[in-house]
Amino acid sequence: MGMLSLPGFLSCGKKKDFSLSSVKDAHASDNDENAERGNWSNKGDYLLSMVGYAVGLGNVWRFPYLTYQNGGGAFLIPYTLMLALAGLPLFFMECSLGQFASLGPISVWRILPLFQGVGITMVIISTFVAIYYNVIIAYALYYLFASFQKVLPWSDCFSWADDFCSKTRLVSDCNATLHGEIVHANYSFITNNNLTCINGTMNYKPVQFPSEQYWNKVALQRSSGLDETGNVVWYLALCLLLSWMIVGAALFKGIKSSGKVVYFTALFPYVILLILLVRGATLEGALDGIEYYIGRQSNITKLMEAEVWKDAATQIFYSLSVAWGGLVALSSYNKFHNNCYSDAILVCVTNCATSVFAGFAIFSILGHMAFVSERPVSEVVDSGFDLAFVAYPEALSKLPVAPLWSFLFFFMLLLLGLDSQFATIETLTTTIQDIYPKVMKKLRIPITLGVCILLFFLGLICVTQAGIYWVNLIDHFCAGWGILIAAVLEIIGIVYIYGGNRFIEDIEMMIGKKSRLFWLWWRMCWFFITPVLLMAILVWSLVTFSPPTYGSVLYPAWGTAVGWCMIIFCVIWIPIVAILKIVKAEGNLCQKQANARSEACCSCQALPKSPVGHSFSCLFGFSVQNHRMVWVGRDLKDHLVPTPLPWAGTPSTRPRCPKPHPTWP
């Protein structure tokens, strides 16, 4: 694509690009196209940051369990379809949007100011998630340090255990043959009389593995419920502080520093997964675990159940981290002509392949655990916290050189969590940078550290004795409906209000002209399939809502009320901002609505048709010069004039492109 420039009367000259400030951001370097915000040092930094953001803890502790629960290998069919129909279209849209505008998740809605509340919702939800996500990283750090012992502290029932702790199942009673008659008796009677239980008649005592009691009694010091806050668990608080120190250190120079850290944090988990898979495959019972995961135990009839398809769509949606604002923020640092299409394909495929690969490593070792404990695989498989901090540590404790395998596993969890946390905090700092660019130029490091310190103190409630209940509560409410609502409004706003065809033209400015056949699939998804699927998931989630629980512990009514308050606080900004935009706009009601939808869009009648196109140079107030974006107007809302639009039957109040400002270079 040739060099693109402004019309002559708005030209900023050929020798220097327009800049809002003469102060150069430490975030940017001399080689960056965008001297205001900076760009990724190279494409590898960006791709690994995106992979690290998308590939998180859910790929290890949720996907394998969902696959096992929903028909094994058969689950890959709806999973792949949902990737193509819902995950990839949204992922590609957000990457394109961020790269095109070079703005974060709030400021990017200058394209559609009426929907700016959607960006605010994304950032607030990311803030809530950042608070509790680092607590999970703190758990991984605690177990990592606990692995530096010759004997793992959860390998047996030590002094902290109670009478229900046992490494094996304990028979409570059973049927046996006594003097030619079948009798039912407790197990002590059976053993005292040298009798043998009849197969299939044994009842077992309710026992807990050492790893389960260690998790609840030692690691968490878990209280009886949300009502009993208890004390701050000091060692978890220190681990939380350490995790925030790591995040702050990695982000002190923004993408310039985090882009280098991810070469280790994004790649090394794959090395550990491979090591765990090779070790697990050599263990007895490993094949049984893999059979349950994706082998002959697969059940194709499960595909007839709607719940399976809902689980596939939900897992794809959350595992790709769409609608959190992070994809827009990370992509906003790309160079303008970066091929965001191929990037989206690569990252999405890598994410899904990682989920499948992780399942083999998890189930091979769980299969061995089932073999050793003489139980079916179905009784040792779990997901979430119970998999990461109970079932899998218990399985690892049965291996030779158990501390080594435990260290590797929790180090992998640590790295997976940190990658996602880096991108989440970068989303927050990018938002601050777009709103207060001059402040961030001078105070990037203090502001980044300040964000980390503030979130650390907010997270202290999650490392009390009731902390796990708060973590579960925030995850149950904030990481669910709010994201779905934001995603639905995002795709509706861009496709149906801003214009899907206009958006495709914008993408072609970056990646080059494509055929109509190329865009056929994306049009079908963006205009119909993806929004319908997201609406279906949202409605299903609302209809099947159940109050939050943690295991068998029910939440008090006030706890559920707090959860509702959190999600309302996240989404309430969508109508508030829309109303404010309409109220502040000029003209009658119809003109106000049109103005609020496009306050930054000039009529373009003054501009000749150029490769830049109407939507890019006017709607954003940007143009492309010397292959980079420059801002050509600070406040276009001051130039609102009634202008008859060629595509509208009646005049509408829209801003006309302003004349050159005397201070422009």
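What counts, and where the lines are drawn
Residues numbered from 1 in each chain as written. Predicted model: local features only at pLDDT ≥ 70, side-chain atom pairs only at ≥ 80, totals over all residues. Heavy atoms only, no water. Helix = DSSP H or I, 4+ residues; strand = E, 2+ residues; numbered from the N terminus. Contact = heavy atoms within 4.5 Å. Areas by Shrake-Rupley, 256 points an atom, 1.4 Å probe, with all protein chains shown as cover. Core = buried A, V, L, I, M, F, W, Y, C linked by side-chain atoms within 4.5 Å. Buried < 20%, exposed > 50% of the residue type's maximum accessible area, 1.4 Å probe, protein only. Pairing = 2+ DSSP bridges. Phe/Tyr/Trp six-rings, centres within 6.5 Å; stacked < 30°, edge-to-face > 60°. Lys NZ or Arg CZ within 6 Å of the ring centre and 35° of its normal. pLDDT = per-residue confidence, 0-100.

How should I be thinking about the overall build of the chain in this particular structure?
If you tally the helices and strands in the chain, you get 24 helices and nine strands. Once local pairs closer than 6 in sequence are excluded, the contacts in the chain between residues at least 24 apart make up 79%. Split by element, the accessible area of the chain, about 27,100 Å² in all, is 64% carbon and sulfur.

Can you help me understand the nonpolar core in this one?
In terms of nonpolar packing, the biggest core is built from 196 residues, with Phe91, Tyr139, Trp215, Leu366, Phe385 and Trp526 touching the most fellow members. In terms of residue count, the dominant contributor to this core is helix 5 (residues 116–146) (22 residues). With residues near it in sequence (within four places) discarded, Trp215 still touches Tyr139, Tyr143, Leu220, Phe385, Phe389, Val390, Ile468 and Tyr550.

Is there a simple way to explain the sheet that holds strand 1 (residues 171–178) in this structure?
Two strands in a sheet stick together by hydrogen bonds in their backbones, pointing the same way (parallel) or opposite ways (antiparallel). Read across the open sheet, the three strands follow the order 2-1-3; overall the sheet is antiparallel. Each edge of the open sheet carries a strand with a single partner, namely strand 2 (181–186) and strand 3 (203–204).

I keep staring at the packing of aromatic side chains and nothing clicks. Help me out?
Each aromatic ring pair is summarised here by two numbers: the centre-to-centre distance and the angle between the ring planes. Counted under the stated rule, the structure contains 63 aromatic pairs. Here the aromatic rings of Phe477 and Phe545 are separated by 6.0 Å at their centres, their planes lie at 50°, and the arrangement is tilted. Remark: Phe545 occurs in the loop between helix 20 (516–543) and strand 4 (549–550) and Phe477 occurs in helix 18 (residues 467–477); sequence separation between them is 68 residues. Overall, the relative accessible area of 2% leaves Phe477 in the buried class. Considering the side-chain rings of Phe477 and Trp564, the 5.5 Å spacing of their centres and the 65° angle between planes classify their relative orientation as edge-to-face. Here Trp564 lies in helix 21 (residues 557–571) and Phe477 lies in helix 18, a separation of 87 residues in the sequence. The ring of Tyr333 carries the charged tip of Arg37 above its face, separated from the ring centre by 4.6 Å. A cation sits over an aromatic face here: Lys514 above Phe518, 5.5 Å from the ring centre.

Would you take a moment to explain the environment of Asp156 for this structure?
Within the secondary structure, Asp156 is located in the loop between helix 5 and strand 1. When the C-alpha positions of Asp156 and Ser397 are compared, they lie 8.9 Å apart, and in sequence the two are 241 residues distant. Those residues in contact with Asp156 that sit more than four places away from it in its chain are Lys167 and Pro210.

Help me understand the confidence of the model for the chain in this model?
Where the model shows low pLDDT, its predicted coordinates should not be examined in detail. Residue-level pLDDT values for the chain average 82, and 83% of them are 70 or greater. Summarising per-element confidence for the chain, the mean pLDDT is lowest in strand 8 (residues 640–643) (33) and highest in helix 8 (residues 234–250) (97). Low confidence marks residues 1–24, where pLDDT is under 50. Its contacts with residues over four positions away, or in another chain, come to 60 contacts. Here residues 599–665 scores under 50 on pLDDT; set against residues more than four positions off or in separate chains, the count is 171 contacts.

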